[in-house]
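Listed below are the residues making up each chain.
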Amino acid sequence: MDPASKSVRSSGWVCSTMPTTNPHRSRLPRLAGAAILALGATFAGKPHPAQADALSRQGPSSVQDEVDAFAREWASRDDLSGKDRKRVEAVTQPTQDFSKAENFEIMQGGAGTSTKIVSRDAFSHFNQNLSFEEEEQFKLGNALFRKLWVSSPASTKASDGLGPLFNARACQSCHLKDGRGHPPEGDTDATSMFLRLSRTASTDQERADLENFLLSNHPDPTYGGQLQDLAVPGLKAEGHMRISYEDEEVRLGDGTVVQLRKPSYSVSDLAYGSLHPDTTLSPRIAPPMIGMGLIQAIHPSDFLASADPDDADGNGISGEVSLVRDLDGNLAIGRFGWKAQNPTVRKQSAGAFAGDIGISTPDVPNHNGDCTQAQPDCLDMPNGVEASLGDTEAPDPVLDLVTFYSENLAVPARRDVDDPTVLAGKKIFHDLGCADCHRPKYVTSRDAENPAHRFQLIWPYSDFLLHDMGEGLADGQRVGLADGQEWRTAPLWGIGLTETVSGHTFFLHDGRARNLTEAILWHGGEAQPARDGFAALEAADSQALISFLDSL
Ligand SMILES: [Ca+2]
Ligand SMILES: [Ca+2]
């Protein structure tokens with residue numbers, strides 16, 4: 001069956017007489033297609049040659065022109081006819097009626113939403129509107145996502161090349177059950193979490209590279225962009241992440257006292273000397289894997305339209321679009337990662353192969369991952385290239401399949417959408433201003449690469465913009481346009497199934513929050529008024545808000 005027609009028919013929202021493809025399909029393929037080739041530019045600590053080229057063609061003085069041209073190019077929903085545009089505007093307006101569930105709200109991931117019985121596998125189903133051939137691709141991708149890479153040389157030629165430095169041997173080790181990671185418990189390794197390393201720019205050239213979006217940050221000169229706590233036999237791991245927590249008491253409006261644990265991070269057992277004095281540590285847990293292809297299918301103009309970097313509307317919220325470059329040197333919107341530093345699932349995945357597992361792919365072809373020039377033993381370790389298969393450790397189609405898998409994990413259906421407590425909580429969510437950042441709904445682009453992701457009404461509860469979240473959540477690390485206090489609004493779909501899927505309820509970028517209440521109480525900066533509103537609620541109202549989140 002033609003996947004396009006299938007997706008139209010099974011979507012409740014889309015009227016079946018509508019054409020699914022836009023006659024003017026011109027722009028998104030460039031963004032999604034070219035950006036697909038994007039490279040983990042930070043690994044080498046230098047701009048990729050293609051990006052440097054793009055810059056020398058244009059000259060650094062034109063970067064503002066380039067940003068302006070990008071904004072003009074994506075000023076409106078060019079994928080929609082005038083009539084469609086009106087319809088989309090109407091359906092994505094925030095609701096005013098909290099007496100009943102909204103139409104199609106239950107199918108929060110559009111036609112691909114998984115309606116399977118809730119279980120530990122709730123995040124592991126494929127989008128329900130994939131074609132049969134695509135289901136097969138998804139399954140192959142799943143096997144590669146779970147595959148344990150081994151060190152070279154090995155008898156299993158197609159599976160070696162691990163490291164030499166690495167954090168885990170498989171994607172699945174961190175994204176267990178396609179769910180979220182958690183901080184290490186006790187002295188165990190930081191399996192589903194790691195530290196990103198980055199230092200401030202120290203020369204004019206380095207500052208210019210940041211301003212021109214050629215790099216998102218400057219890695220530590222010795223340890224690179226990430227601390228790997230594991231290494232292949234014969235090589236020393238870089239060191240270990242240490243966390244210590246300090247309790248802080250917060251008294252809520254209803255008199256309850258909540259203990260928040262404030263983490264501090266350090267590294268121990270550094271095997272290659274000290275870190276650069278300006279290097280900062282940014283802890284990150286692995287986010288859940290659902291709905292990523294749909295996020296990728298949101299039209300760029302939707303991000304630009306909700307951005308308000310100078311807070312022109314005076315609501316205290318100044319979301320900023322994360323701009324990054326793709327491999328061709330073109331600007332693209334950063335959507336993935338806790339600081340929205342990656343434009344595509346493919347780039348994020350190639351970066352994970354390189355930095356987290358130490359496996360080269362056609363997009364990030366160096367075989368020794370995050371080894372730096374200051375780690376010559378690491379550079380000298382054998383690699384896992386098998387010439388008969390290709391010239392990287394994971395030659396095509398490994399990255400294609402893993403990317404396809406990562407793009408097509410279905411968002412689970414909502415539960416209890418018309419429960420009166422959930423509806424009351426939903427109203428509180430809107431009244432407190434949570435929805436100002438956690439934007440409920442979008443209709444994805446008709447130009448999305450995969451027909452299954454086109455023109456879907458989706459409910460990720462995020463504007464995917466960067467927000468200053470205050471000192472409490474700050475990591476002090478700049479990544480692209482995100483400064484040390486800024487984070488991407490975390491999407492909330494599926495959040496109520498965290499315990500079911502992952503067996504824990506650790507939230508936020510470093511898993512410091514032990515439940516949803518703590519996660520909200522950590523909000524500061526632009527979200528301070530919303531947080532204070534929450535803290536002042538009567539017990540029944542805060543319980544209703546939590547019930548709403550649990551139904552997502
Ligand atoms: Ca390798
Ligand atoms: Ca490293």
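Read on for an overview of the structure. Keep in mind that this is a model prediction, so the values were computed, not measured.

1. A word on the pattern of salt bridges
Then, number 1: Within this structure, the stated rule accounts for 21 salt bridges.
Then, number 2: Salt-bridge contacts for Glu 518 lead to Arg 514; the nearest nitrogen and oxygen are separated by 3.2 Å.
Then, number 3: Given a relative accessible area of 5%, Glu 518 falls into the buried group.
Then, number 4: With a relative accessible area of 30%, Arg 514 lands in the partly exposed category.
Then, number 5: Among the ionic contacts, a cluster of salt bridges with common partners joins Glu 102, Glu 105, Arg 414, Lys 426 and Lys 441.

2. A look at unusual backbone geometry
Then, number 1: Backbone torsion omega between Ser 152 and Pro 153 reads -10°, so that peptide bond is classified as cis.
Then, number 2: Looking at where Pro 153 falls in the secondary structure, it is placed in the loop between helix H6 (132–146) and strand S1 (165–166).
Then, number 3: Across the junction of Asp 396 and Pro 397, the peptide omega takes the value 5°, indicating a cis bond.
Then, number 4: For Pro 397, the position within the fold is in the loop between helix H12 (376–379) and helix H13 (398–407).
Then, number 5: The phi torsion at Asp 269 lies on the positive side, around 55°, for a residue other than glycine.
Then, number 6: Tracing the chain through its elements places Asp 269 in the loop between strand S5 (257–268) and strand S6 (279–285).
Then, number 7: At Leu 508, a position not held by glycine, the phi torsion is positive, near 75°.
Then, number 8: Mapped onto the secondary structure, Leu 508 falls in the loop between helix H16 (498–502) and helix H17 (516–521).

3. Some details on the pairing of S5
Then, number 1: Pairing of strand S4 (residues 240–251) with S5, which is carried by 12 bridges, proceeds in the antiparallel orientation. Each residue of the ladder has a partner; that of Arg 242, found in S5, is Ser 266.

What counts and what doesn't
- Residues numbered from 1 in each chain as written.
- Chains lettered and ligands numbered in written order.
- Predicted model: local features only at pLDDT ≥ 70, side-chain atom pairs only at ≥ 80, totals over all residues.
- Heavy atoms only, no water.
- Salt bridge = Lys/Arg side-chain N within 4 Å of Asp/Glu carboxyl O.
- Buried < 20%, exposed > 50% of the residue type's maximum accessible area, 1.4 Å probe, protein only.
- Helix = DSSP H or I, 4+ residues; strand = E, 2+ residues; numbered from the N terminus.
- Pairing = 2+ DSSP bridges.

Function-wise, these values are silent; they only describe arrangement.
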